[in-house]
Amino acid sequence: LPDLKITINLTRETYELPPVTEDDVLLHVNNHMPVYIRRMIPELGDEALWDEALQRYYTLYDDHYLSETVPYAGIPEMLMKLKAQGVKLAVMSNKNHSHILKMVDALFPNTFDSVWGTIPEVPAKPNPARAFLIADELGVDASEIAFVGDSDVDMLTACNAKTIPVGVAWGYRPADVLRENGAVYTPADSDELYDVLASLA
């Protein structure tokens, strides 16, 4: 979240617009990037300018995507434990594909079997298309996938893909919002998340 705020405020600054807060970013995070830009810089009011702002955002994010971003407590250890048990692991993000590849490589090296950010040819979350691609890539049925996320958009995607919706309650949305959007499980920390995933394996 801090890196998203840094980057959107640098982008807004190029248009001589005042900064936004983390709460503003939190309200619109996890949307498809063009939607996110439109909502975070509504003052532009023009498709061409929004497209330009998106490219500026991507360029600036190249310098800031790991300025303050770190894994949540216990997550790297939990992932390595699952990997050692033969669980297949994937990432599906609405971030730009090139950014998510670099972030995953830096934060979770040699951990994930499949990594997908947003690409032009495939619709973004909550469309389930990339979830189906991941299922095909890993050789499993979508119903066998525990879709772990921290937002209403994630839970809607999980339901649209007919995966198992697991909403982590320490992220961008509280547990009640996650449940309202389809979460079957809402673990409160990495230990509870591991227990949920182990019970589904």
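Preceding this paragraph is the structure being described.
Structure report, in brief. (Residues numbered from 1 in each chain as written. Predicted model: local features only at pLDDT ≥ 70, side-chain atom pairs only at ≥ 80, totals over all residues. Heavy atoms only, no water.)

Let's shift gears to a negative patch on the surface. Together, Glu22, Asp23, Asp24 and Glu68 line one region of the surface with negative charge. Residue placement: Glu68 occurs in the loop between α4 (47–64) and α5 (75–84). (Patch = residues over 30% accessible without salt bridge, like charges linked within 9 Å, V, L, I, M, F, W, Y side chains within 5 Å. Areas by Shrake-Rupley, 256 points an atom, 1.4 Å probe, with all protein chains shown as cover. Salt bridge = Lys/Arg side-chain N within 4 Å of Asp/Glu carboxyl O. Lys, Arg positive; Asp, Glu negative; His and termini not counted. Charge placed at Lys NZ, Arg CZ, Asp CG, Glu CD. Helix = DSSP H or I, 4+ residues; strand = E, 2+ residues; numbered from the N terminus.)

On to the packing of aromatic side chains. Under the definition given, this model contains 5 aromatic pairs. Taking 5.7 Å as the distance between ring centres and 15° as the angle between the ring planes, the aromatic pair formed by Tyr57 and Tyr61 counts as stacked. Of the two residues, Tyr57 and Tyr61 both sit in helix α4, 4 residues apart, roughly one turn of that helix. Judged by relative accessible area, Tyr57 falls into the buried class, the value being 2%. Look at Tyr61 and you get buried, because its relative accessible area is 3%. (Phe/Tyr/Trp six-rings, centres within 6.5 Å; stacked < 30°, edge-to-face > 60°. Buried < 20%, exposed > 50% of the residue type's maximum accessible area, 1.4 Å probe, protein only.)

Of note, the bond from Lys125 into Pro126 is cis; its omega dihedral lies within 30 degrees of zero at 10°. Here Pro126 is to be found in the loop between β2 (114–118) and α7 (129–138). Phi is positive for Asn110, which is not a glycine, with a value near 55°. Along the chain, the position of Asn110 falls in the loop between α6 (97–107) and β2. The class for Asn110 is exposed, based on a relative accessible area of 71%.

Once that is clear, we can look at helix α10 (residues 190–200). Each full turn of the α-helix corresponds to 3.6 residues, which orients residues three or four apart in the same direction. All of the buried residues in α10 are Ser190, Leu193, Tyr194, Val196 and Leu197. Down the axis of α10, the smallest arc covering the buried residues is 160°, so these residues share one side. Facing away from the buried side of α10 by more than 90 degrees, the exposed set consists of Asp191 and Ser199. Along its buried surface, α10 packs onto α5, β3 (146–149) and β4 (164–167). Taking the backbone nitrogen of Asp191 as reference, a side-chain oxygen 3.1 Å away marks Asp189 as the first, capping residue of α10. (Arc of directions from axis to C-beta. Contact = heavy atoms within 4.5 Å. Polar contact = N/O pair within 3.5 Å; in protein donor to acceptor, adjacent residues only side chain to side chain.)

Residues Leu4, Ile8, Tyr36, Ile37, Ile41 and Tyr57 are the most contacted members of the largest nonpolar core, which totals 26 residues. At the level of elements, α1 (2–14), α3 (33–40), α4 and α6 are the ones that each hand at least two residues to this core. If we skip the residues at most four places from it in the chain, Ile37 touches Ile8, Trp50, Ala53, Leu54 and Tyr57. Counting 12 residues, the second largest nonpolar core, distinct from the first, contains Ile75, Val168, Leu193 and Leu197. (Core = buried A, V, L, I, M, F, W, Y, C linked by side-chain atoms within 4.5 Å.)

The next point concerns the pattern of salt bridges. Within the structure shown, the criterion is met by 8 salt bridges. Note that Lys125 is salt-bridged to Asp154, the shortest N-O span being 2.6 Å. With Lys125 in the loop between β2 and α7 and Asp154 in helix α8 (residues 152–160), this residue pair connects regions lying 29 residues apart in the sequence. In this structure, Lys125 and Asp154 share a single accessibility class: buried. Asp152 serves as the salt-bridge partner of Arg173, at 3.5 Å between the closest nitrogen and oxygen.

As for its placement among the helices and strands, Thr163 is situated in the loop between α8 and β4. Engagement of the side chain of Thr163 in a polar contact is seen with the backbone oxygen of Ala158, the distance being 2.9 Å. Residues contacting Thr163, with those up to four places away along its chain left out, are Ala142, Ile145, Phe147 and Ala158.

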